Amino acid sequence: MSGLSISRRGLLTGLSVLGTSAALGACGAKTGSDTSSASGAKADTSGDTVKVGLLNSLSGTMAISEVTVHNALLLAVKEINAAGGVLGKKLKPVSQDGASDWPTFAEKAQTLITEDRVVATFGCWTSASRKAVKPVFERNKSLLFYPVQYEGLEQSPYIFYVGATTNQQIVPALDYLKRQGLTRLYLVGSDYVFPRTANKEIRAYAKAHGMEVAGEDYAPLGSTEFSTIVNKVKDAGADAVFNTLNGDSNVAFFKEYKSAGLGAKSLPVLSVSIAEEEVKSIGTQYLEGQLTAWNYYQTTPGAANAAFVKAYQAAYGKDKPTSDPMEAAYTSVHLWAAMVEKAGSFDVDDVKAAADGVTFEAPEGKVTVDGATQHVHKTARIGKVGADGLITEVWNSGAPIKPDPYLKGYDWASGLS
């Protein structure tokens, strides 16, 4: 997410850069021994290779989700190298294990930047890990590409947010539930920044749209005890559960949910952090018929996705599913490479200046970088878990949605930030 057979097109085939670049290849590309934003950490670009950092939880409670993201990053690096690299230089991935521990994430981020001297870093999953590393990247003026949907209400000049922001996932999910007549919601989440902020946004949406929050509960990240919460959900008279649990807590929650006699038909759950990999780990028998909100599924149609799934399974096994966060991670490396090629430079400021309008024909469909917010335009998709463990789309937004991380376009969200 080694012996990979690359059948995909070359790096720049399918990468559409809007506007022209005045400095590509022989036109004065900056590839000297040190490149960085002014006063920032010095990335090493002196040799035939450049290092890119991969920062993921390869151990701990979040490994259930993040190992596949790490594998997808490696796949993207291999594809780019097979296509000739970036500005003529091959990429050398350097992996660090955040170990599902936020101080460790910050420590490993610093190592990647100042000791490994990477040109960019790709990774993190939870908002807690992102919040922990954010000041590290800002202090060192180094770039992080973050691949996972999150709660919004944030921008950083040194983070590109390649997963969905609130108006590309949570708001469309609420719109979908409302259209289905599921207007009385019970909120269940892990006890950290993403679920609490997301639920604050959900409450504001509900108040403005004639919906009701029947209850709200949190469990520590990694918790395996859900009998009390599930009993409260069962007795609340809710129409649906909005689930923001993360990591392997979902295993315990859905097993307890079924033990309590609850299921998709009696009380549907819409999850925003369960993708195909988690379905496999939890067990299809606990999730069949339940809903998810993402921007990509393994079943998403299109040639780019067919090639992605084929390449990933060739590398990691025919039984290995693909999922939204790993697809966004894969896409993030290709987007960064396109930004660098457009800039003709690995320099952070040059890359940022070149970012606006860069597009990639990703497995999820066409994505475009919004330079003003450093987020991307993404298509929202609601899916349903099938008996085969795959998720099939039941609704999509029809076109990519412009990112609005602070929900400025929504009157009901005023005051949230």
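So, here's what we can say about the structure. Note that the coordinates shown come from a computational prediction; the quantities given were computed from them, not determined experimentally. (Residues numbered from 1 in each chain as written. Predicted model: local features only at pLDDT ≥ 70, side-chain atom pairs only at ≥ 80, totals over all residues. Heavy atoms only, no water.)

At a minimum axis distance of 8 Å, the contact between helix α2 (residues 102–115) and helix α3 (residues 127–140) shows a crossing angle of 30°. By the angle between their directions, the pair α2 and α3 is classed as roughly parallel. Along this stretch, α2 crosses α3, giving a crossing that reads as right-handed. In this structure, α2 uses W102, F105, A106, A109, Q110, I113 and T114 to contact α3, whose residues at the interface are A128, S129, A132, V133, V136, F137, R139 and N140. In terms of residue class, the contact of α2 with α3 is made up of ten nonpolar, four polar and one charged. (Axes fitted to C-alpha atoms, helices over the stretch in contact; angles between N-to-C directions. Helix = DSSP H or I, 4+ residues; strand = E, 2+ residues; numbered from the N terminus. Parallel < 35°, antiparallel > 145°, perpendicular 65-115°, else oblique. Left-handed = near helix turned anticlockwise from the far one by under 90°. Contact = heavy atoms within 4.5 Å. Nonpolar A, V, L, I, M, F, W, Y, C, P; charged D, E, K, R; others polar.)

With that settled, consider the environment of P172. Position of P172 among the secondary structure elements: in helix α4 (residues 170–179). Expressed as a C-alpha distance, the spacing of P172 and L91, which sit 81 residues apart in the sequence, is 37 Å. Not counting chain neighbours up to four residues away, the residues in contact with P172 comprise T166, N167, A380, I382, W395 and I401.

The next point concerns the pairing of strand β13 (residues 291–294). Going residue by residue along β13, you find L291 and A293 tucked away on one face and T292 and W294 tucked away on the opposite face as well. Direction of pairing for strand β12 (residues 269–271) relative to β13: parallel, over a ladder of two bridges. What sits directly across from S271, in β13, is T292. Of the strand pairs in this sheet, β13 and strand β17 (residues 381–385) are connected by four bridges, and their pairing is antiparallel. Bridged to A293 within β17 is I382. (Buried < 20%, exposed > 50% of the residue type's maximum accessible area, 1.4 Å probe, protein only. Pairing = 2+ DSSP bridges.)

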